[in-house]
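Observations on chain architecture
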Amino acid sequence: MNILFVMYDQLRFDYLSCAGHPHLHTPNFDKVAAMGVRFTESYVQSPICGGSRMCFYTGRYASSHGAHWNGFPLRVGEMTLGDHLRHNGMGCWLIGKTHMAADSEGMARLGLSADTVIGARQVECGFDAWIRDDGLWAQGPDGFYDARRSPYNEYLKDKGYPSDNPWAAFANAGVDGDDNIASGWMFKNADKPANIREEDSETPWLTREAIAFMEQAEGPWCAHLSYIKPHWPYIVPAPYHDMFGPQHVPPAKRHAVEREDPHPVYGAYMENKIAAAFGRDEVREKVIPAYMGLIKQCDDQLGVLLDYLEQSGQMAQTMIVLTSDHGDYLGDHWLGEKDLFHAQSVKVPMIIYDPRSEADATRGTTCDALVESIDLAATFVEVAGGAVPDHIIEGRSLLPWLRGEVPDWRDFVISEYDYSATPQGAKLGLAPRDCRLFMVYDGRYKLMHAEGGLRPMLFDLEADPDEFHDLAKGDAHGAEIERLYGCLASWGRRMSQRVTKSEAEIIAARGKSARKGVLPFLVDGSEVPAELTEAYRGPARARYTSD
């Protein structure tokens, strides 16, 4: 068995035709869903790129691994997918983006160099890198946002694109009527075609890299194909730039009641420049068609991958996983981007195809179990033939659901958000340690707890599926709030840091010290078997005391 673990950056759960989108047809996502299981209640453990991905890659909650925000290093020595899978004989390779920041101070303290195998894996989030490109080659007065070399930029230069940063000048920019650069950073340009040959744009480039990897790979392997799109800048090459138009843009899911006495954190986000931009209809009417075009291109490239797997005979031995690191508000709830815990942000697509006969009974079905992104790490360990080290990996294997079984399962899901690095935290006057949010969702009620002495938020998704009415503004739902706080408290008491000793090792070690002569608190020795005291009995070898 091999694993093709595909992640799309900022892909909403409901922007697929198999999930009910009325205009966006995604036949290849639908094909994988028909071959496997689509999980309809899948949630990320942090609604921000870096924090979410570190949860996927470690199988641990954000407060367990500590890398909550983009650029927050994953501490040296943290176990990741690569460590777990290699331990079970499966290679683990990266093709694309991780958004992982290396713990350079920790590496220096331990004398780890990035030009060694161990050091390189620390730098690459535990993966062996076929090719890494985080895909955000922004450039301003103070230099580049990402100071590393971009393989994609080098590819474009080799193709003859005349720029020191063709990612910005061509792949993510169009051309205006005066033959000037029309940057994708400006929403007004989202309806223009990116000034690049379609086959040279980011998504096809990564598809070709994935196929090149699979052509030479010796299994078993897990390949993390991590696409850069449909994440902004929202601009896409022809012919995808005009496949959709304003007539395909749904009305924003937002309600005037949301702006009435909002939760302070929610209110702060509704006042940022992203929300202000997406509050304008003309912005949504340009951006959302481009976003849909980016997804359509992703779907077409998924078709290229599926064709390759079928033609090369690898489909029957390759598990395929399709998911995203978070969603995109696109103007819903008076917001843009991600960050908070409405479904548009924290709920993600999750489709799994398992080629083995044990999964035949569930092909083409949906599963509404409460799934967390950290469950993939546990699933992959089992696929590799290992036992899940549940003292380290906090997720649970999804294989029982794929086999049609109904395992003992969780009653709620958790997501966390540390917004200490954002302007919103500063605007609220909170210390960084108090800029933390927690979501508890039990399949009906969703609670958001905010540190810093702020009140919670509460939604009843059965009565209010669009999450408009914050029930915590009143006093009528105190019992539900208290119950969900109890769930949060039980989760907070989880055993999350004893990662060097498993339950089985502890059980096996019980009483072993006695067999190595550690026998405290005995009165006369008769309390234990004679063999344990044998080394402490018999004639004295010499006498140095007097009676």
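What counts, and at which threshold
- Residues numbered from 1 in each chain as written.
- Predicted model: local features only at pLDDT ≥ 70, side-chain atom pairs only at ≥ 80, totals over all residues.
- Heavy atoms only, no water.
- Helix = DSSP H or I, 4+ residues; strand = E, 2+ residues; numbered from the N terminus.
- Buried < 20%, exposed > 50% of the residue type's maximum accessible area, 1.4 Å probe, protein only.
- Contact = heavy atoms within 4.5 Å.
- Salt bridge = Lys/Arg side-chain N within 4 Å of Asp/Glu carboxyl O.
- Pairing = 2+ DSSP bridges.
- Axes fitted to C-alpha atoms, helices over the stretch in contact; angles between N-to-C directions.
- 1 Å grid on protein atoms, 1.4 Å probe; cavity = no way out; pocket = protein on both sides within 12 Å on 5 of 7 lines; lining within 4 Å.
- Points joined across faces, edges and corners; volume = space filled by probe spheres on them.
- Nonpolar A, V, L, I, M, F, W, Y, C, P; charged D, E, K, R; others polar.
- Phe/Tyr/Trp six-rings, centres within 6.5 Å; stacked < 30°, edge-to-face > 60°.
- Lys NZ or Arg CZ within 6 Å of the ring centre and 35° of its normal.

1. Comments concerning the side chain of Thr422
With respect to the helices, strands and loops of the structure, Thr422 is situated in the loop between strand E15 (413-418) and helix H16 (423-427). Its relative accessible area of 9% is what places Thr422 among the buried residues. In this view, Thr422 contacts Trp69, Tyr269 and Tyr417; residues no more than four positions away in its chain are not counted.

2. Observations concerning the pattern of salt bridges
For the coordinates displayed, the defined rule picks out 40 salt bridges. In this structure, Lys347 and Glu41 form a salt bridge, with 3.2 Å as the shortest nitrogen-oxygen distance. With Lys347 in the loop between helix H13 (343-346) and strand E12 (350-353) and Glu41 in the loop between strand E2 (37-39) and strand E3 (42-43), this pair connects stretches of sequence that are 306 residues apart. As a salt-bridge pair, Lys157 and Glu154 come within 3.5 Å of each other at their nearest N and O atoms.

3. Remarks on the sheet that holds strand E16 (residues 436-441)
Across the sheet, four strands lie side by side as E15-E16-E17-E18; this open sheet has antiparallel pairing. Every interior strand has two partners, whereas the edge strands, E15 and strand E18 (457-460), have only one. Along the sheet, successive strands turn relative to each other by an average axial angle of 15 degrees, direction set aside. Relative to E18, strand E17 (residues 445-450) runs antiparallel, the two sharing four bridges. Along E18, the bridge assignment pairs Lys446 with Phe459.

4. Thoughts on the environment of Ala535
Turning to its location among the elements, Ala535 is positioned in the segment after helix H19 (530-533). What makes Ala535 exposed here is its relative accessible area of 72%. Sequence separation between Ala535 and Gly517 is 18 residues; the distance between their C-alpha atoms is 7.8 Å.

5. Observations concerning the side chain of Gln424
With respect to the secondary-structure elements, Gln424 resides in helix H16. Residue class for Gln424 comes out buried when judged on its relative accessible area of 9%. Apart from the residues lying within four places of it in its own chain, the contact partners of Gln424 are Ala268, Tyr269, Asn272 and Tyr419.

6. Examining the layout of surface pockets
For the largest pocket, the calculated volume is near 920 Å³. Looking at the largest pocket, it is lined by 31 residues, and the ones nearest its centre are Trp185, Trp232, Lys273, Ile274 and Glu337. Counting residues per element, the lining of the largest pocket draws most heavily on helix H11 (residues 273-278), which supplies four residues. Of the residues contributing to the lining of the largest pocket, the split by class is 18 nonpolar, eight polar and five charged. Its volume calculated, the second largest pocket comes out at about 350 Å³. Lining the second largest pocket are 14 residues, and of these Tyr61, Glu394, Arg396, Trp491 and Arg494 sit closest to its centre. Considering only residue class, the lining of the second largest pocket consists of six nonpolar, one polar and seven charged.

7. Let's talk about the packing of aromatic side chains
Within the structure shown, the criterion is met by 26 aromatic pairs. For the pair Tyr8 and Phe29, a centre-to-centre distance of 5.2 Å together with 50 degrees between the ring planes defines the contact as tilted. In this pair, Tyr8 is assigned in strand E1 (residues 2-8) and Phe29 in helix H1 (residues 27-35), connecting sequence segments 21 residues apart. Ring centres of Phe187 and Tyr234 lie 6.0 Å apart, and the angle between their planes is 50 degrees; on these two criteria the pair is classed as tilted. Residue Phe187 is found in the loop between strand E9 (181-183) and helix H9 (202-216), and its partner Tyr234 is found in the loop between strand E10 (221-226) and helix H10 (264-270); the two are separated by 47 residues along the sequence. Overall, Phe187 belongs to the partly exposed group, its relative accessible area being 25%. Here the guanidinium or amino end of Arg494 rests over the ring plane of Trp491, the centre of that ring lying 4.0 Å away.

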